[in-house]
Amino acid sequence: MSTAAAAAPHERAAAPVEHLDVLIVGAGISGIGAARYLTAESPGRSFAVLEARAELGGTWDLFRYPGIRSDSDLHTFGYAFKPWREKESIADAPQILSYLRETVRENGLQDRIRYQHRVLEASWSTADARWSVRVERVDTGEQVTLTCDWLFCAMGYYRYDQGFTPEFAGLERFTGTVVHPQHWPEDLDHTGKRVLVIGSGATAVTLVPAMARRARQVTMLQRTPTYVMPVPRRDHLANLLRRLLGDERGYALTRRKNIAQQYAVWSFCQRHPKAARKIIRWVNTRQLPEGYPVDEHFSPPYDPWDQRLCAVPGGDLFKAIRSGRATVVTDRIRTFTEHGVLLESGRELTADLVVTATGLNVQAFGGIPMSVDGEPVRLAGTVAFKGMMLSGVPNFAYAIGYTNSSWTLKIGLLCEHFCRLLAHMDRQGYRICRPEVADPAMPTRPFLDFAAGYIRRAVDDLPRQGDRGPWQTSTSYRDDARTLGAGQVTDPELHFA
C-alpha cells in the first residue's frame, strides 16, 4: 500500500459547511412569498428554502379532504405582485396550488427549494454571528449542517403531521370509519354513506356541502354554533375591472377594494357587536328553510369576530340544508356506540363514516428547538417584536399572517420590511440584529390574542406580545402598512452590532 493511500483516512478533510445569507424554512404560501421578495429586493443575497415534504404548497398540498378551499378571496389572499386571474374569487386547493407553482416558475425559485429537508435544531453563536442549522434528509436519513446569517421561519403555527382529536368515550366500539381531515385517505369513498362531521369551524362547513353531493346523508354535529356567512364565489366587479383595465391594474384596484371591505366588516363587528349579530342572523334566516331553529344552530354565545367568521361560497352549506341532504345538530357526545354516537340529550346519531373536524394542533415555528449561545430559547419567555421577530433571539424572523383577514396581506408587508432591514444592516456594516424589551415590567398578553380553541390549548407555550409598539402584534392591515410598509426599520429597542 502506498504512503499516500495509507495516510488518506487520517488526512481526509471534513466536507465544507454550506453558508447562506438567509435560510427560509417552509415552502408554503409564506415561504414562497419570502423567497420572491428576497429575489426581487435583495438579488445578490444567497438563500435557500427548506421543505420537509416532497411538494410545495404547505396547507394547500397537505389537506386533501373534499371541497378544500380558501375562506378568503384570492385578490387579497394572493400576492400583491402576482394578479389572480381566475374568475372565481374564492378558490379551491388545486387552483391555489397552481397559482403557487406559477409563482415559483415565474420567479426562478425552482432550484432554491430543497424538498424533504427537515430542520432538526438551530443554534445561534454571537461570536460567529451566524446560525448553525442541523437538517435531516427525509428521503435518505442523512443529516447535514448549514449555517446562515438569518433564519426565517415560514411554517405557520400548526402541526403538519398531527391534527387535534379530543378524547371520545367509547370510540373503540364504533364499527365504522373514523378520519381526521388532516389525514384524508386517497381511496376513501363516501358515496351513499351516512356521514357524521364533528365540528363547526371552517373545515366542517366546507366538508358538509361537499360530501352531501354524494353521501346518503351528512350531519354536522357541533357543541357550539359558529357564525356563518354566505359569500359570492365570483367577484363580478373584479372580473369587470380586469376586462376593462387589464390584469395588473384591475387586480390592484380589486385588492384595495377588498382590503377596505374586510376592514369595514371586521371594524363594524368590533364596534357594534349586537347590530352585527342581528345582521348575521337575518342573513342566515333568509338562507335557511322557513321555521328553521336559527338561534339553536347558528347563534354563538360570543360576539362576531371573537372567533373567525366562516364564509360559505354561494351559501353552499345553507343550500345543502335546504335540500335535506345535510342537517345540523347542536349537542354534546356522551359516548360512541357501535353504529354512531349517543348524545347528552339521549338522541343517537347513526353513521358509517365519522369525520373529526375538531381542529388543529398549534406548533409555533415548526417546533424547531432553538438556542442562543448555548441557552435554549423558551418561547413563552419571549415577546414578539413588530409581529416578526422575538426578543432576545438575534437574526431570526418569522411569517405569521392575519387571523381576522387574509393571511397573505401581512406576509407581504413583513417580507418587504425584512428586506429593508437587511439592506439597512448592509449599509451600516452590521451583522447582528436583536430586539430587546427596554421595560421589564411591560404588561404582556397572548401572542395570538384569539378565542379559538386551538389557540387557547397552546397559549401557554407561545411567545407573548406587549401593550405598546413595537411589541404589539397588530391585526390591522392599515396599521401594519404604516409601521411595516412605510415605517423605519430602526427602533430604540432593536439593537445592532
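Residues numbered from 1 in each chain as written. Predicted model: local features only at pLDDT ≥ 70, side-chain atom pairs only at ≥ 80, totals over all residues. Heavy atoms only, no water.

Let us look at the pattern of salt bridges. All told, the structure shown has 24 salt bridges when counted by the stated rule. One salt bridge connects Asp-235 with Lys-257, and the closest N-O pair in it is separated by 3.0 Å. With Asp-235 in the loop between strand E11 (228-231) and helix H7 (236-245) and Lys-257 in helix H8 (residues 247-271), the pair connects residues that are 22 residues apart, well separated along the chain. Of the residues examined, Lys-257 reaches a relative accessible area of 25% and is grouped as partly exposed. One salt bridge connects Glu-436 with Arg-434, and the closest N-O pair in it is separated by 3.8 Å. Look at Glu-436 and you get partly exposed, because its relative accessible area is 31%. (Salt bridge = Lys/Arg side-chain N within 4 Å of Asp/Glu carboxyl O. Helix = DSSP H or I, 4+ residues; strand = E, 2+ residues; numbered from the N terminus. Buried < 20%, exposed > 50% of the residue type's maximum accessible area, 1.4 Å probe, protein only.)

Let us look at empty space enclosed by the protein. Considering all chains together, one arrives at two cavities of 30 Å³ or more under this definition. Lining the largest cavity are Ile-259, Gln-262, Tyr-263, Trp-266, Tyr-402, Asn-404, Ser-405, Leu-409, Thr-475, Ser-476 and Tyr-477. The leading source of residues in the lining of the largest cavity is H8, at four residues. In terms of residue class, the lining of the largest cavity is built from six nonpolar, five polar and no charged. Estimated volume of the second largest cavity: approximately 30 Å³. What lines the second largest cavity is simply Tyr-37, Tyr-79, Ala-80, Phe-81, Arg-255, Thr-408 and Gly-412. (1 Å grid on protein atoms, 1.4 Å probe; cavity = no way out; pocket = protein on both sides within 12 Å on 5 of 7 lines; lining within 4 Å. Points joined across faces, edges and corners; volume = space filled by probe spheres on them. Nonpolar A, V, L, I, M, F, W, Y, C, P; charged D, E, K, R; others polar.)

So, on to helix H2 (residues 29-41). The end-to-end C-alpha distance of H2 is 18 Å, a good match for the 18 Å that 13 residues give at a rise of 1.5 Å each. A large share of H2 lies buried, amounting to 10 of its 13 residues. Buried residues along H2 sit in contact with strand E1 (18-25), strand E2 (47-51), helix H4 (74-77), helix H5 (93-106), strand E6 (143-153) and helix H12 (407-428). (Expected span 1.5 Å × (residues − 1). Contact = heavy atoms within 4.5 Å.)

Spatially, the three strands line up as an open sheet ordered E14-E15-E16, and their pairing is antiparallel. Looking along the sheet, the strands with just one partner apiece sit at the ends: strand E14 (333-336) and strand E16 (348-350). Each adjacent strand pair in this sheet contributes to an overall mean axis angle of 25°, direction not counted. Pairing analysis gives three bridges linking strand E15 (residues 340-343) to E16, with the strands arranged antiparallel. Each residue of the ladder has a partner; that of Leu-342, found in E16, is Glu-348. (Pairing = 2+ DSSP bridges. Axes fitted to C-alpha atoms, helices over the stretch in contact; angles between N-to-C directions.)

What follows is about the packing of aromatic side chains. A complete count under the given rule lists 24 aromatic pairs for this structure. Between Tyr-157 and Trp-407 the ring centres are 5.7 Å apart and the planes differ by 50°, which places this aromatic pair in the tilted class. Here Trp-407 lies in helix H12 and Tyr-157 lies in the loop between E6 and strand E7 (158-163), a separation of 250 residues in the sequence. The exposure class of Tyr-157 is buried, given its relative accessible area of 9%. Aromatic rings pair up to connect Trp-124, Trp-131, Phe-365, Phe-396, Tyr-398 and Phe-447 into one cluster. Above the face of the Tyr-37 ring, Arg-36 is positioned so that its terminal group lies 5.5 Å from the ring centre. (Phe/Tyr/Trp six-rings, centres within 6.5 Å; stacked < 30°, edge-to-face > 60°. Lys NZ or Arg CZ within 6 Å of the ring centre and 35° of its normal.)

Strand order in the open sheet formed by five strands is E8-E17-E9-E10-E13, and the pairing between neighbours is parallel. The strands lining the two open edges of the sheet, one partner per strand, are strand E8 (177-179) and strand E13 (326-330). Along the sheet, successive strands turn relative to each other by an average axial angle of 20°, direction set aside. As defined by bridge partners, strand E10 (residues 217-222) adjoins E13 across five bridges and the pair is classed as parallel. From the neighbouring strand, Leu-221 faces E13, where its bridge partner is Val-329. Contacting strand E9 (194-198), E10, E13 and strand E17 (353-356), helix H6 (residues 202-212) runs over the sheet at an angle of about 165° to E10.

All right, on to a positive patch on the surface then. A contiguous patch of positive charge, built from Arg-223, Arg-332, Arg-456 and Arg-457, is present on the exposed surface. In this structure, Arg-332 sits in the loop between E13 and E14. By relative accessible area, which is 45% here, Arg-332 ends up partly exposed. (Patch = residues over 30% accessible without salt bridge, like charges linked within 9 Å, V, L, I, M, F, W, Y side chains within 5 Å. Areas by Shrake-Rupley, 256 points an atom, 1.4 Å probe, with all protein chains shown as cover. Lys, Arg positive; Asp, Glu negative; His and termini not counted. Charge placed at Lys NZ, Arg CZ, Asp CG, Glu CD.)

Attention shifts here to the nonpolar core. Core analysis: the largest hydrophobic core is formed by 127 residues, its most contacted members being Ile-24, Trp-131, Trp-150, Leu-151, Phe-152, Phe-298 and Phe-396. Here this core gets 11 residues from one element, more than from any other, and that element is H12. If near-sequence neighbours (up to four positions away) are discounted, Leu-151 is found in contact with Leu-23, Val-25, Ala-122, Trp-131, Val-133, Met-370, Asn-395, Phe-396 and Ala-397. Formed by 12 residues, the second largest nonpolar core is a distinct cluster that contains Phe-168, Ile-198, Val-329 and Val-341. (Core = buried A, V, L, I, M, F, W, Y, C linked by side-chain atoms within 4.5 Å.)

Another point: the confidence of the model for the chain. Confidence along the chain averages 93 in pLDDT terms, with 96% of residues attaining 70 or more. Overall, residues 1-12 carries pLDDT values under 50, and its contacts beyond four positions in sequence, including any with other chains, amount to one contact. (pLDDT = per-residue confidence, 0-100.)

Moving on: the packing of H8 against helix H9 (residues 273-287). Taken N-terminus to C-terminus, the directions of H8 and H9 make an angle of 120°; their axes are 5 Å apart at the nearest point. For the pair formed by H8 and H9, the contact residues are Phe-268, Cys-269, Gln-270 and Arg-271 on the first element and Pro-273, Ala-275, Ala-276 and Ile-279 on the second. A per-class count over the contact of H8 with H9 returns six nonpolar, one polar and one charged.

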